Amino acid sequence: MRLHNSWSLLINREFDNFKKRCIADYEEVVAEYKRFHVDTEKDYGIDAATTQKQTHDDSSPFDYDDPLRAYEAFLADELADDINNTAHINVPEYFDIDCDDANAGNESGERRSRRPNQFDYEFGNVFDANWYRKFLHPDVCERTYIESERDRYGQFRTLFRVPLEKVDGLVHLFLDKGWIRYTKHCVNDDQLHVKAQLLMLATLNVLGHHSPFRTLQSNTEISTSEHRAFFHLFINKMYSIKDDYICYPPNMEALNAVMDRYKDVYLPGCGGSIDVVHLKWSACPAGDTNRCKGKEGYPTLAFEVITGYDRQILGVSAVQFGTRNDKHIVKIDENVTSIRDGWYSTVEWEYLDAHGVRRSAVGIYLICDGGYLRWPTLICPYTGRSVASREGYFSAHLESIRKDVECVFGILKKRWKILEYGIRFRDIKVVEKIFNVCCMLHNDMLSEMKTRETNYRVGRGTPLPGDAIWLADENDGDEVVNDWNNDRVKAAASQWSKRRADLSANLEYCQRHKRRRSL
């Protein structure tokens, strides 16, 4: 049998070592060889003539005159049989064998044995971690609380994006629910609490800076694999309690709180702003590239978001591919469907007409840009109207109010850099959970944001023309939407047009009445 060159090299080296070991005990080997032949003759009846014939047979690989050579031939034959009968051989690490040659014998798909570590792994002590000594140690913890609350440009807020008080709230939530447990190397409450804090800080650092998991161990004394596992645990558990952070007003009292804020800026009956945000998907699979690469020129995923006047996120749609436009996404958004067909469509609100007469309407609406459908629940600006006209002034005013949802997108991407730099996870469900968790943390941080209650109308001065985004033609109202027939679409477009005209008249009258009162 012809052996492969690599295996031949292995056998030769083994034989060299074997010879060195056997030279010192050569006499003992010879004696053992003689005893072996004596026993063989007794057991099988082999006579000396037969043995002598086999000794001088050129076809036989054994040389019985030289016991050492015979033993070597015996080992070579046994090793060749093992190579034929098995698909894998554990090769010592000091043998220099070509990888292609070694893989050639591993046709069964079995995993090769892992080379042992050169150094033993050392488990770190969380009390020696850099972040613990700098931010969490009892000597500096109180200072960290104060600075993280007061200075949003400080070191702690820059690294982790949230104050330490919010971090402790998340840590207590995970500990109380049993999502962080004791381990073999974490056996007491103090160590568990510090470890939970470091894991939470590392996760916030990944979300806030898109840091690789391998960069965290030097600051936390916790392994990279544990950080990676906790990151996925964090987004999964937070996503499971999404309704506690992101939820459209479930009752009339909460809805009135949202609508009153828009009523103060002359948009009665408004229930929020709506728009679609696109996130770069850096790890998009090749099979999904065509349906994810839209107007941005690179693969993206889209989410439709509903926000309130005070920048709270009220609803997030399911994840959509980047090639889908706003008109398509709004049809399948469950939040919009509940506003259009649920109990929100029966909510009454009042407005003033051009003569100051109080009138009522039914069904709340959302303000949007010009890329949406002509539904009564979606009010967009006029197109091609002069700012001096009633419609043009209403359009500019609506766009200035609708910038709140754009500000929310900017805050999200600047605070959580993982959304801006490109998400490096291939699973689309993981991307959806990451965006929802960032929205949840955004709502949790609203208490830390500066209030917009001021005597100055920042960003609400003289309206500017051409501020809207127009993606549709004027005849797009005849489009059939889902199971709607043409008659229903025409009725909705007519109601949408009337509602927008009524809101324009309400704004004009309120602004004129306010100016007269100021005189």
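Residue numbering note: each chain is counted from 1, following its sequence as written. Where totals are concerned, whole chains, interfaces and linings use all residues; where local detail is concerned, this predicted model gives features only for residues with pLDDT of at least 70, and gives and counts side-chain atom pairs only at 80 or more. With hydrogens and water set aside, each side-chain value is computed from the structure's full complement of heavy atoms.

**Side note on the overall build of the protein chain**
Consideration 1: In terms of helices and strands, the protein chain carries 20 helices and eight strands.
Consideration 2: Out of the 519 residues belonging to the protein chain, those deemed buried represent 45%.
Consideration 3: Taking the intrachain contacts of the protein chain between residues at least 6 apart in sequence as the baseline, contacts between residues at least 24 apart amount to 66%.
Consideration 4: Accessible area of the protein chain: about 29,300 Å², with a carbon and sulfur share of 48%. Helix numbers and strand numbers start at the N terminus; a helix is a DSSP run of H or I with at least 4 residues, a strand a run of E with at least 2. Buried residues are those whose accessible area, probed at 1.4 Å on protein chains only, stays under 20% of the maximum for their type, while exposed residues exceed 50% and partly exposed ones sit between those limits. When checking whether two residues touch, look at their non-hydrogen atoms; a contact exists if any pair is within 4.5 Å. Computed with the Shrake-Rupley method and a 1.4 Å probe, the accessible areas treat only the protein chains shown as cover for residues.

**Comments concerning the packing of helix α10 (residues 189-209) against helix α12 (residues 224-240)**
Consideration 1: Between the N-to-C directions of two axes lies an angle of 0 to 180 degrees, each axis being a line fitted to C-alpha atoms and, for a helix, fitted only over the stretch in contact. Packing of α10 against α12 brings their axes to within 10 Å, and their N-to-C directions diverge by 75 degrees. On the basis of the axis angle, α10 is roughly perpendicular to α12. Taken together, the residues of α12 that come into contact with α10 (itself represented by Lys195, Leu198, Leu199, Met200, Ala202, Thr203, Val206 and Leu207) are Glu226, His227, Phe230, Phe231 and Phe234.
Consideration 2: Each residue gets one label: Ala, Val, Leu, Ile, Met, Phe, Trp, Tyr, Cys and Pro are nonpolar, Asp, Glu, Lys and Arg are charged, and the others, such as Gly, are polar. For the contact of α10 with α12, the per-class residue count stands at nine nonpolar, two polar and two charged. When an angle is under 35 degrees it counts as roughly parallel; over 145 it counts as roughly antiparallel; between 65 and 115 it counts as roughly perpendicular; any other value is oblique.

**Focus on the nonpolar core**
Consideration 1: For our purposes a nonpolar core is just a set of buried Ala, Val, Leu, Ile, Met, Phe, Trp, Tyr and Cys residues, chained together by side-chain atoms within 4.5 Å. Among the nonpolar cores identified, the biggest contains 72 residues, and Leu207, Leu419, Ile434 and Phe435 are the most heavily contacted of them.
Consideration 2: With near-sequence residues (within four places) excluded, Leu207 lies in contact with Phe231, Phe234, Trp416, Lys417, Ile418, Ile434, Val437, Cys438 and Leu441.
Consideration 3: Tyr262, Tyr309, Val330 and Leu503 belong to the second-largest nonpolar core, a separate cluster that totals 44 residues.

**Let's talk about the side chain of Arg157**
Consideration 1: Along the polypeptide, Arg157 turns up in helix α8 (residues 155-160).
Consideration 2: Arg157 has contacts with Ser148, Glu149, Asp151, Arg152, Val162, Pro163 and Met445, leaving out every residue within four places of it along the chain.

**Concerning unusual backbone geometry**
Consideration 1: Positive phi, close to 75 degrees, is recorded for Arg161, a residue that is not glycine.
Consideration 2: With respect to the helices, strands and loops of the structure, Arg161 is situated in the loop between α8 and α9 (164-176).
Consideration 3: In this structure, Arg311 takes a positive phi of about 70 degrees despite not being glycine.
Consideration 4: Mapped onto the secondary structure, Arg311 falls in the loop between β2 (300-307) and β3 (313-316).

**Focus on the packing of aromatic side chains**
Consideration 1: Planes of paired rings set the category: under 30 degrees apart is stacked, over 60 is edge-to-face and the rest tilted, where pairs are Phe, Tyr or Trp rings (Trp by its six-membered ring) whose centres lie within 6.5 Å. Under the defined criterion, the tally for this structure stands at 18 aromatic pairs.
Consideration 2: Ring geometry for Phe127 against Tyr132: centres 5.5 Å apart, planes inclined by 85 degrees, an arrangement best described as edge-to-face.
Consideration 3: Taken together, the ring pairs connect Trp131, Phe135, Phe156 and Phe160 into an aromatic cluster.
Consideration 4: Lys280 extends its terminal NZ or CZ atom over the ring of Tyr298, reaching a point 5.5 Å from the ring centre.
Consideration 5: Lysine NZ or arginine CZ positioned within 6 Å of the ring centre and within 35 degrees of the ring normal marks a charge as sitting over the ring. Sitting above the plane of the Trp375 ring, Arg340 keeps its charged end 4.4 Å from the centroid.

**Topic: the pattern of salt bridges**
Consideration 1: Each salt bridge in this description consists of a side-chain nitrogen of Lys or Arg and a carboxyl oxygen of Asp or Glu lying within 4 Å of one another. Throughout the structure, instances matching the rule amount to 18 salt bridges.
Consideration 2: The salt bridge partner of Glu350 is Arg358, with a shortest N-O separation of 3.5 Å.
Consideration 3: Members of the salt-bridge network, linked through shared partners, are Asp275, Glu399, Arg402, Lys403 and Glu406.

**Things to note about the pairing of β3**
Consideration 1: For β2 and β3, the ladder comprises three bridges, and the chain directions are antiparallel. What sits directly across from Ile306, in β3, is Gly315.
Consideration 2: Here a strand pair is declared whenever DSSP counts at least two bridges between the two strands. Where β2 folds back on β3, the antiparallel hairpin that results is connected by five residues, among which Arg311 adopts a positive phi of roughly 70 degrees.

**Things to note about the side chain of Lys242**
Consideration 1: In this fold, Lys242 is placed in the loop between α12 and α13 (252-263).
Consideration 2: Counting rule applied: Lys, Arg positive; Asp, Glu negative; His and chain ends not counted. Glu432 is the oppositely charged side chain nearest to the buried, salt-bridge-free Lys242, at an N-O distance of 5.9 Å.

**Re the confidence of the model for the protein chain**
Consideration 1: A residue's pLDDT is the confidence the predictor assigns to it, expressed on a 0 to 100 scale. Per-residue confidence for the protein chain gives a mean pLDDT of 79; residues scoring 70 or more make up 70%.
Consideration 2: Taken as a whole, residues 43-64 scores under 50 in pLDDT and shows 24 contacts with residues more than four places along the chain or in a different chain.
Consideration 3: The low-confidence segment residues 86-105 (pLDDT under 50) makes 29 contacts with residues lying over four places distant or belonging to another chain.

**Observations concerning helix α17 (residues 390-415)**
Consideration 1: In this model α17 runs 38 Å from its N-terminal to its C-terminal C-alpha over 26 residues, within 8% of the 38 Å that 1.5 Å per residue would give.
Consideration 2: Throughout, bend refers to the angle between the axes fitted to the seven residues that end at a position and the seven residues that start at it. Asp404 marks where α17 bends most, by close to 30 degrees. The length a helix should cover is 1.5 Å for every residue beyond the first.

**Considering α10**
Consideration 1: Between its terminal C-alpha atoms α10 stretches 30 Å, which fits the 30 Å expected from 21 residues at 1.5 Å a residue.
Consideration 2: Taking the backbone nitrogen of Asp190 as reference, a side-chain oxygen 3.4 Å away marks Asn188 as the first, capping residue of α10.
Consideration 3: One or two positions beyond α10, positive phi appears at His210, with a value near 55 degrees. Pairs of N or O atoms are called polar contacts if they sit within 3.5 Å, as long as, within protein, a hydrogen donor faces a hydrogen acceptor (for residues adjacent in sequence, only side-chain-to-side-chain pairs).

**Things to note about the environment of Met200**
Consideration 1: Mapped onto the secondary structure, Met200 falls in helix α10.
Consideration 2: By relative accessible area, Met200 is classed as buried at 0%.
Consideration 3: For the pair Met200 and Phe160, spaced 40 residues apart in sequence, the C-alpha to C-alpha distance is 9.3 Å.
Consideration 4: Ignoring anything within four residues of it in the chain, the contact list for Met200 reads Val167, Leu170, Val171, Phe174, Phe230 and Phe234.

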